[in-house]
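# Coordinates in review
Residues per chain are reported as follows:
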Amino acid sequence: MPAPIAARRALVLGLLVLAAGAAPTVAAAQIADQPIGLYVVDFRGSFVPFTRNPDLAGRFGFTPAETPGPGWGFDTGAHFYPLRWRGITFGIGAGYHSSFADQRRFELATGDDERVELPSVRKRFTSLSSQVSLNFGHREGWSYVTVGLGRSELGLRALDGEAEPLTGVHTLSYGGGARWFERPHLALSLDLRLYALRSPRMTIAVISIGASFK
């Protein structure tokens, strides 16, 4: 199964799970009528199942086998909730994500007992985007779907060489998540997001978990 399709299916499955969990939350919100607060700030760690994209590898002079796989990073964001209508709270905000993956120098078997030494390579991805969200729930916990536009940088470099200059590309991001406030101002936060890059044309999935504050 192609990686972008698998990533999309994983995101859809995650959103369905979140939506199922949100149903009783929405009902509770209608009964208790406790609207979401005015703002929230997120700090989360991220897992990024990077793929070995041939177009990206060729752009920086590598083969796909020389490029790193999954990586780690973080994301942070701030969101404001100025409007509520029929149980839906509308949010606006911005988010920043940064992640990287390393592949250390190793030898690759090529057949006939020949081996090729591959370089140590780092993959780095950053993105800054505006975000608009639809939120379902109340001040003690809510789920959301979100979409955003921004600019991202994605690049590869040999760790023992000079860094290649990166060019920002327009990026569409979309996904969803949930926040559960076990304490008045501190919540567990889960976010699933896809970043659709225009050049090279590829989609990067990001799974993040951490804390939200209000």
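The preceding data block contains the structure.
Since this is a predicted model, take the numbers as computed values, not measurements.

## Re the pattern of salt bridges
Summed over the entire model, instances satisfying the criterion amount to seven salt bridges. The shortest N-O distance in the salt bridge between Arg44 and Asp42 comes to 3.6 Å. By relative accessible area, which is 8% here, Arg44 ends up buried. The class for Asp42 is buried, based on a relative accessible area of 0%. For Asp102, the salt bridge is made with Arg122, and the minimal N-O distance between the two is 2.7 Å. With Asp102 in strand S3 (residues 88-103) and Arg122 in strand S6 (residues 121-138), this residue pair connects regions lying 20 residues apart in the sequence. On the accessibility criterion, Asp102 (28% relative accessible area) is partly exposed.

## Some remarks on unusual backbone geometry
That bond from Ser199 to Pro200 is cis: its omega, -5°, falls within 30 degrees of zero. Within the secondary structure, Pro200 sits in the loop between strand S9 (186-197) and strand S10 (202-213). Unusually for a residue other than glycine, Arg86 sits at a positive phi of about 50°. Inspection of the secondary structure puts Arg86 in the loop between strand S2 (71-85) and S3.

## Brief notes about the sheet that holds S3
Strand order in the closed barrel formed by eight strands is S1-S2-S3-S6-S7-S8-S9-S10, and the pairing between neighbours is antiparallel. Averaged over all pairs of adjacent strands, the angle between strand axes in this sheet comes to 25°, irrespective of strand direction. Pairing geometry for strand S8 (residues 169-183) and S9, over 11 bridges, is antiparallel. Bridging across to S9, Thr171 finds its partner in Leu197.

## So, the environment of Ile204
Tracing the sequence through the fold places Ile204 in strand S10. C-alpha of Ile204 to C-alpha of Leu194: the two residues are 10 residues apart in sequence and 5.6 Å apart in space. Aside from chain neighbours lying at most four places away, what touches Ile204 is Val48, Phe50, Phe125, Leu154, Arg193, Leu194, Tyr195 and Leu197.

## A word on the nonpolar core
Ranked by size, the top nonpolar core spans 18 residues in total, and within it Phe62, Phe125, Leu154, Leu197 and Ile204 carry the most contacts. For this core, the secondary-structure elements that each account for two or more residues are helix H2 (54-59), S6, strand S7 (141-158), S9 and S10. Phe62 has contacts with Ala57, Thr67, Pro119, Val121, Leu156, Arg157 and Ala158, leaving out every residue within four places of it along the chain. Counting residues in hydrophobic clusters, the runner-up holds seven residues, among them Val40, Trp142, Tyr144 and Phe181.

Definitions and cut-offs
Residues numbered from 1 in each chain as written. Predicted model: local features only at pLDDT ≥ 70, side-chain atom pairs only at ≥ 80, totals over all residues. Heavy atoms only, no water. Salt bridge = Lys/Arg side-chain N within 4 Å of Asp/Glu carboxyl O. Buried < 20%, exposed > 50% of the residue type's maximum accessible area, 1.4 Å probe, protein only. Helix = DSSP H or I, 4+ residues; strand = E, 2+ residues; numbered from the N terminus. Pairing = 2+ DSSP bridges. Axes fitted to C-alpha atoms, helices over the stretch in contact; angles between N-to-C directions. Contact = heavy atoms within 4.5 Å. Core = buried A, V, L, I, M, F, W, Y, C linked by side-chain atoms within 4.5 Å.

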